[in-house]
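Take a look at the letters that make up each chain.
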Amino acid sequence: MIDVVALGELLIDFTYSGKSKEGMKLFEQNPGGAPGNFLTAIANMGLKTAMIAKVGDDMHGRFLLDTLKSHNIDTSGIIVDKDSFTTLAFVDLDKNGERKFSFARKPGADIRLEYEEIDKNLLAETKIFHVGSLSLTNEPSREATYFSVDLAKSLGAIISYDPNYRDSLWKDRDTAIEEMKKMMKFADIVKVSDEEAVLLTGEDDYSKGAGKLLDMGPKLVAVTLGSGGVLVKTLKYELTVSGFKVNAVDTTGAGDSFWGGFVGSFIKSRKALNKLKEKDILEFARYGNATASICVQRRGGIPAIPKESEVIEMINLRAAAL
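All values reported here derive from a predicted model rather than from experimental measurement.

Participant: Give a detailed account of the packing of helix α8 (residues 254–269) against helix α9 (residues 278–295), specifying residues and quantitative values.
Facilitator: Relative orientation of the contacting elements α8 and α9 amounts to 145 degrees, with a least axis distance of 7 Å. Where α8 crosses over α9, the handedness of that crossing is right-handed. Along its contact with α8, which presents Ala-254, Ser-257, Phe-258, Gly-261, Phe-262, Ser-265, Phe-266 and Ser-269, the element α9 presents Ile-281, Phe-284, Ala-285, Tyr-287, Gly-288, Asn-289, Thr-291, Ala-292 and Cys-295. Across the contact of α8 with α9, the residue classes tally to ten nonpolar, seven polar and no charged.

Participant: An account of the pattern of salt bridges is requested, with residue identities and associated values reported.
Facilitator: The final tally for this structure, using the stated rule, is 19 salt bridges. Salt-bridge contacts for Asp-92 lead to Lys-25; the nearest nitrogen and oxygen are separated by 2.6 Å. Remark: Lys-25 occurs in strand β3 (residues 25–32) and Asp-92 occurs in strand β6 (residues 88–93); sequence separation between them is 67 residues. Among the salt bridges present, the one from Arg-112 reaches Asp-81, with a minimum N-O distance of 3.2 Å. In this pair, Arg-112 is assigned in the loop between β7 (99–104) and α3 (120–125) and Asp-81 in strand β5 (residues 73–81), connecting sequence segments 31 residues apart.

Participant: Account for the packing of aromatic side chains, naming residues and giving values.
Facilitator: How two aromatic rings sit relative to each other is given by the distance of their centres and the angle of their planes. Applying the stated rule across the entire model yields eleven aromatic pairs. Taken together, a centroid distance of 5.3 Å and an interplanar angle of 50 degrees make the contact between Tyr-115 and Phe-147 tilted. You can see Tyr-115 sitting in the loop between β7 and α3 and its partner Phe-147 sitting in helix α4 (residues 141–154), a full 32 residues away along the chain. What makes Phe-147 partly exposed here is its relative accessible area of 26%. On the numbers, 5.7 Å between centres and 65 degrees between planes, the contact of Tyr-146 with Phe-186 is edge-to-face. A residue pair is termed long-range when its members are at least 10 positions apart, and Tyr-146 in helix α4 and Phe-186 in the loop between α5 (173–182) and β10 (189–193) qualify at 40 residues. A connected cluster of aromatic rings, assembled from ring pairs, spans Phe-258, Trp-259, Phe-262, Phe-266 and Phe-284. Positioned above the aromatic ring of Tyr-16, the side-chain terminus of Lys-25 is 5.8 Å from the ring centre.

Participant: Which residues make up the pairing of strand β9 (residues 158–162), and what values do they have?
Facilitator: Of all five residues in β9, four are buried, a share of seventy percent or more. For strand β8 (residues 126–132) and β9, the ladder comprises five bridges, and the chain directions are parallel. Residue pairing across strands places Phe-129 opposite Ile-159, the latter belonging to β9. Two elements, β9 and β10, share two bridges in a ladder whose sense is parallel. Bridging from a neighbouring strand, Ser-160 pairs with Ile-189 of β10. Of the crossover connections in this fold, the one passing from β9 over α5 to the parallel β10 is right-handed.

Rules used throughout
Residues numbered from 1 in each chain as written. Predicted model: local features only at pLDDT ≥ 70, side-chain atom pairs only at ≥ 80, totals over all residues. Heavy atoms only, no water. Axes fitted to C-alpha atoms, helices over the stretch in contact; angles between N-to-C directions. Helix = DSSP H or I, 4+ residues; strand = E, 2+ residues; numbered from the N terminus. Left-handed = near helix turned anticlockwise from the far one by under 90°. Contact = heavy atoms within 4.5 Å. Nonpolar A, V, L, I, M, F, W, Y, C, P; charged D, E, K, R; others polar. Salt bridge = Lys/Arg side-chain N within 4 Å of Asp/Glu carboxyl O. Phe/Tyr/Trp six-rings, centres within 6.5 Å; stacked < 30°, edge-to-face > 60°. Buried < 20%, exposed > 50% of the residue type's maximum accessible area, 1.4 Å probe, protein only. Lys NZ or Arg CZ within 6 Å of the ring centre and 35° of its normal. Pairing = 2+ DSSP bridges. Right-handed = clockwise from strand over helix to strand, strands pointing away.

Written out as structure tokens, the structure reads:
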């Protein structure tokens, strides 16, 4: 069995990295894309992962494949397309490490993935199947996403969903909300940011917002709260788990690494989703928070994801300080 298979965008984050002596902005090539970041966090925990995606037959696509392989992520489900270019995201940062995105994706390889190209064996072998919302912005990747979710769910996989909102990739805000909410009824576990929780529910009370998301179908919802940690709500429990205070330099991959740490901890527990206790959720969230807190102290997406030993060390250091 494969522990987690993810489908979605693989792209290059060109992250702001200072200015040249002439005063021009410099951008650093970083491998990323939310599903890839998420899988890396899980693979770094020693679990078995695989990616379904499409990249261009270009220097960036080959770099992404090599990067995933270096993290022991199965790339057999990744299509290399000779007729499209690997998607690029230019990421500017403010003084707090918060990001502004500009995408080169008209179209990019990631949204050209077709359902006929999906490796069905990967879907049949996985315990958890993860998708985001960027593959829902355009056809044919939208059809490929729903095809894969339907098949994986019918074969017994737990469906993980991250409605990762990027406004510039949607026709308009209302279309984004409608499409992102459609996937909720298929999902078992969901991670949203605080801003996405408000966007999808209209609630600025995160507890009420998480409750509304549960009403759409999931069994567990995690609302990330930045440096405030995370609120996790299930049909039985609700708890807020504080984050780790660190100096953030780049928040790219923060939510993805949190969710990877959370889901990886869930898999390692070997517990059924409907049998989780409050102490289990606390443990998963603590690991996810520690993973994200290390990630934001580094630059880039995949390169910033910590190893399991680093996460455990941070958790132990906090425990010793209490």
